[in-house]
Amino acid sequence: MIELDFEKMGGLVPAIAQDAETGDVLMLAFMNKEAWEETLKTGRATYYSRSRDTLWVKGLTSGHIQNVKEIRVDCDNDTVLLKVEQVGGAACHTGYASCFYQQVKDGDLVTVGQPVFDPKEVYKE
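Quick caveat: nothing in here was measured; it's all calculated off a predicted structure.

(A) Examining the pairing of strand 2 (residues 25-31) more closely. Taken across its seven residues, strand 2 has five buried, putting it largely inside the fold. For strand 1 (residues 13-19) and strand 2, the ladder comprises six bridges, and the chain directions are antiparallel. Of the residues in strand 2, the one forming a bridge with Ile 16 is Leu 28. Two successive antiparallel strands, strand 1 and strand 2, enclose a turn made up of five residues, where Gly 23 displays a positive phi of approximately 85 degrees.

Okay, structure coming up:
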């Protein structure tokens, strides 16, 4: 079994999701040991939600799941890179393909790209 260093950040490791086809960085989240093990077991990106203090299977609510195609671990065993197939075309809960849809330009944040979905329609309560 692969041993990640969960102790450096109080039980969490950063997890970067990258589109396996395009190489675009989709998002950054965190994993605890349970999320890591679920990801390995199911092949679906599973993270730890710090705000909800629970496991979070990416796309369980929206349908925009991440099928893991490849996993890389950094040299210190404390950061994970998931190369994923992003189902539905959007990783960001705001509706954009990537959470990194804002670019710094001349000291301002500029939105780049177009939303893939309307969050009000996807996350109805």
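(B) View of the pattern of salt bridges. Under the counting rule described, the total for this entry stands at four salt bridges. The shortest N-O distance in the salt bridge between Glu 85 and Lys 69 comes to 3.9 Å. Remark: Lys 69 occurs in strand 5 (residues 66-73) and Glu 85 occurs in strand 6 (residues 80-86); sequence separation between them is 16 residues.

Parameters and conventions
Residues numbered from 1 in each chain as written. Predicted model: local features only at pLDDT ≥ 70, side-chain atom pairs only at ≥ 80, totals over all residues. Heavy atoms only, no water. Buried < 20%, exposed > 50% of the residue type's maximum accessible area, 1.4 Å probe, protein only. Helix = DSSP H or I, 4+ residues; strand = E, 2+ residues; numbered from the N terminus. Pairing = 2+ DSSP bridges. Salt bridge = Lys/Arg side-chain N within 4 Å of Asp/Glu carboxyl O.

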